[in-house]
Amino acid sequence: MYKAAAKQSIFFSPVTPAGVLRLFAIILPLLLPLLSGCGSSGGNPPAAVGGIIDLREWDFEQNGALFLNGDYEFYWERFLSERPSHSVNAPHPDGFRYVPDIWNKEGKTGHHDRYGYASYRLRIQLPKECPQLTFRFQDVGTACRIFANGREIYAAGHPGKTAETSIPAYQPALVDFLADSDEIDLIVQVANFYHRDGGLWLPIELGREADIRSDNLWRMLIDIFLFAGIFVIGCYYFGTFLIRRKELSFLYFAIFCEVVAIRSLVSGNKIIAQLFPDISWGWLVKLDYIGFGLSIPVFALFLGSLFRKDFPPVAKTIVITIGFTFSLMAALLPVSTSSQILPLYQMFMIACFTLGLYVLLKAIIHQVEGSRILFFGYIAIFMTAMNDVLQLYGVVPANNLIMLGLFLFIITQAAFLAIRSTHAFAMLEEHRAELAITNLNYRRELSERKHAELINHELQEKLTRSKKMEALGLLAGVVAHDLNNVLHAMVGYPDFLLLDLPEDSPIREPILTIRDSGIKAAAIVQDLLTLARRNVISLKPVNLNDIINDYFKSPEFRDLQTQHPHIQFETQLGEDLLNILGSSLHLRKALMNLITNAAEAHEEDGKVVITTENIYLDSTRAGYQDIEKGSYCLCKIEDQGIGISAEDLPHIFEPFYTKKNMGRSGTGLGMAVVWGTMQDHQGYVDVHSVEGQGTRFDLYIRTTTKRVTKSDKKIPITNYMGSGEKILVIDDVEEQREIACKILERLGYQVTPLESGEAAVEYCKANQADLLILDMIMDPGMDGLETYRQILQFQPQQQAIIASGFSETERVKEAQDSGAGAYLKKPYTIEKIGIAVKRELSKHTAVKSKK
């Protein structure tokens, strides 16, 4: 009895297209000789002649296995089951039929009907020392039984004399045979009632058991390798399609690979029939036809998706329609019918291949990416497909090269798609990098824009705050000017009256009280002027440590300690603190306001720390104000109080913006005075505050190399008494003129009051005056500067003093540049006006002496 070849376990793992290419390059040399159908390893194998094949001189060990091709005895519609005798009554053949071939083709025995039954007989003459032999039987059309020396050794289905008694089957097998004589009488019974072709259409192979089984194992491994490689490539590109669904070429190529892979199991060595012997012959053939039919339209879809401009739409539609129609017919119609349609479809396939060549050549001409590598793979499948078509018609010997061509083609397509994907991914990475740079630039630009908007917002807030402070300052300046006019009498007249009152006069004390009240009111006016930045600030070298120490020794500080006994005050004054240009009076007032606020910020026990140090900024420092680079004396006033909320922080320097009880703990001008003082000193204020933890104010004032001079002692009135010099007082306010005139007359001067600049100009045209005291602001009419300029036109040596309650403006400086002397700040006191007048007249006397 015969023994089927052993089943082999199949193991494979996914591979990439590049890996398949490398593997193919290694295994291709092994595939070619096996797939080419060359069974012998050397020599020219003998052929059967007259139903006899002489192998007596054939060395199986040296030359290997061979195909038993040649002329077989042919018995049409007769089944031989036993070894025929050599008697006269022995059956005579109808002639000789070449194997491998189909019997319904014209031959030496004529043309036979495709449906029927027959016997083939071959006598095999063996060498004297013959080893253990093995037959390899392939497909027959379409059922057979094989006898050797009268013994049945193989069967595929059941050959019968009618369609009802015949059972078709494809069951390739290896059969071991130990010859008991020097000849093998081989009889093959064949029946076909289900296919368009009948007979022994594939060769029978004979050789040593080791050679046949080794060769069959290689064939099986190659088929499995081809199936696994093509199947894995298909899965790979199907997975790629799931990731990139717009690339339909990946989907079509994946489907094409799976169709070819499945068809490889049911064609050629028919691995599926060896793995599943009970599979229906009809479905085995149908699967082969369906796979063949689907491969063409699916490939057309693939090719069309790659070369849309080069593939004619009408031609593609025709290919797809005919391909799917044939596949449907193969699935629904019996094999006897579909097998007769197959030759027509094969001719259609040749036309499709020609169309594919046309499309690829156009793509090459148009220099479409990947078209050249696709063309070479296409040529491979075209040539192997044509070879198999010619094989079916007996033009070339059986060699089954179609799977090799398909594998070559799929490898080239995989390489093409891999290259295309690589380029696409490279472009994607390039675009991703460009996008990343664009995003980075966008984020940087957005960050810069947000930063610019933040700076813009801060600048806008600072500008708004500055304008607001300027507007409030202007209002405060106007109020201060009017108050100064009122206070002038409250301060000047008591001072004037005290000159004539004895020390023990009972009204001296009330007059002193009036004067002190006026001075206190004047101090408030000075706060308003500081806020308006229109106060007269005389900047001279001072040391901030001296100002702080002086304040801590003052009655004001002792009162503060009395009011807040639970607060600890601490100073950390820097050694060798650099001097600054400033007004001790105004700086002391600003420090006093900050220290007072720091003490009042504590609800319970706490500490206020005052620190000074030298600091140099090498770049602009952002804060409540932007602090420019330079050398500064830094004073910090820090408390542990309740802090300032973020909502209140932008408003703390606004006049009358306070959280305290107005009138009880302040006037609402304290922080505004600090701001104005720092502006007058061209300094900066920075604020750091956390609610519930405390606040720190940082004052930045530029340093100077000038030395501090000691303050002058009080000057006796005799030092600034006049000698009858003529003084012209020009002021638009009557009270101001009157008090100034009385003080100057008391000091020994001849005084003439005038109410306007125009009156002064007219007076000076006809009269002489040793000195003019000019009010800078006189409404309506000419101001002090314009008055002085007109007088100088006809009195070029005229001396003058400028007086005002406002700070030293540009017009005051212009007047001084024109020749005016000191600037006299209202309200007047006897000492203040007396010293100013005396010094100005002394300058005139000195000039005359030199002349």
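Keep in mind that what you see is a predicted model, and the values were worked out from it rather than measured. (Residues numbered from 1 in each chain as written. Predicted model: local features only at pLDDT ≥ 70, side-chain atom pairs only at ≥ 80, totals over all residues. Heavy atoms only, no water.)

Caption draft 1: Looking closely at the pattern of salt bridges. Going through the model one piece at a time under the given rule, you end up with 28 salt bridges. Two residues, Asp288 and Arg263, come together in a salt bridge whose shortest N-O distance is 2.8 Å. Linking Asp288 in helix 6 (residues 281–306) with Arg263 in helix 4 (residues 248–266), this pair joins segments that are 25 residues apart in sequence. Relative accessible area serves as the criterion here: at 16%, Arg263 is assigned to the buried category. For Arg588, the salt bridge goes to Glu556, with nearest N and O atoms at 3.3 Å. Pair noted here: Arg588 is in helix 14 (residues 584–600) and Glu556 is in helix 13 (residues 555–563), with a separation of 32 residues, a long-range link. Given the relative accessible area of 35%, Glu556 is considered partly exposed. Counted as one network, the salt bridges with shared partners bring together Glu73, Arg121 and Asp185. (Salt bridge = Lys/Arg side-chain N within 4 Å of Asp/Glu carboxyl O. Helix = DSSP H or I, 4+ residues; strand = E, 2+ residues; numbered from the N terminus. Buried < 20%, exposed > 50% of the residue type's maximum accessible area, 1.4 Å probe, protein only.)

Caption draft 2: Seen up close, helix 7 (residues 313–332). With 20 residues, helix 7 extends 29 Å from end C-alpha to end C-alpha; this agrees with the ideal 28 Å at 1.5 Å per step. Of all the positions in helix 7, only Ala315, Val319, Ile320, Gly323, Phe326, Ser327 and Ala330 are classed as buried. End-on, the buried residues of helix 7 take up no more than an arc of 140°, which puts them together on one face. Of the exposed residues in helix 7, those oriented more than 90 degrees away from the buried face are Pro313, Val314, Leu328 and Leu332. The secondary structure elements touched by the buried residues of helix 7 are helix 6 and helix 8 (335–365). (Expected span 1.5 Å × (residues − 1). Arc of directions from axis to C-beta. Contact = heavy atoms within 4.5 Å.)

Caption draft 3: Inspection of the confidence of the model for the chain at higher detail. Looking at the chain, pLDDT values average 81 and 82% of them are 70 or higher. In this model residues 1–41 is a low-confidence stretch, pLDDT under 50, and it forms 71 contacts with partners more than four residues away in sequence or in other chains. (pLDDT = per-residue confidence, 0-100.)

Caption draft 4: Quick peek at the packing of helix 6 against helix 7. Two numbers describe how helix 6 lies on helix 7: the axes approach to 8 Å, and their chain directions differ by 165°. In terms of axis orientation, helix 6 runs roughly antiparallel to helix 7. In terms of crossing hand, the pair formed by helix 6 and helix 7 is left-handed. Contact residues: helix 6 offers Trp283, Lys286, Tyr289, Ile290, Gly293, Leu294, Ile296, Pro297, Ala300, Leu301 and Gly304, while helix 7 offers Lys316, Val319, Ile320, Gly323, Phe324, Phe326, Ser327, Ala330, Ala331 and Leu332. Looking at the contact of helix 6 with helix 7 residue by residue, the classes come out as 15 nonpolar, 4 polar and 2 charged. (Axes fitted to C-alpha atoms, helices over the stretch in contact; angles between N-to-C directions. Parallel < 35°, antiparallel > 145°, perpendicular 65-115°, else oblique. Left-handed = near helix turned anticlockwise from the far one by under 90°. Nonpolar A, V, L, I, M, F, W, Y, C, P; charged D, E, K, R; others polar.)

Caption draft 5: Looking closely at the pairing of strand 7 (residues 143–148). Of all the 6 residues making up strand 7, 5 are buried; the element is thus mostly covered by neighbouring parts of the structure. Where strand 7 lies against strand 8 (residues 151–156), 5 bridges are found, and the strand directions are antiparallel. In the strand pairing of strand 8, Arg145 is matched with Ala155. The turn linking strand 7 back onto strand 8 is made up of 2 residues, and Asn149 within it adopts a positive phi angle of 55°. (Pairing = 2+ DSSP bridges.)

Caption draft 6: The sheet that holds strand 21 (residues 771–775), seen in detail. Strand order in this open sheet of 5 strands is 20-19-21-22-23, and the pairing throughout is parallel. This sheet does not close on itself; its edge strands, each paired only once, are strand 20 (750–754) and strand 23 (823–825). When strand polarity is set aside, the average angle formed by the axes of neighbouring strands in this sheet is 20°. Pairing of strand 19 (residues 726–730) with strand 21 involves 4 bridges; the strand directions are parallel. Its bridge partner being in strand 21, Val729 is matched across the sheet by Ile773.

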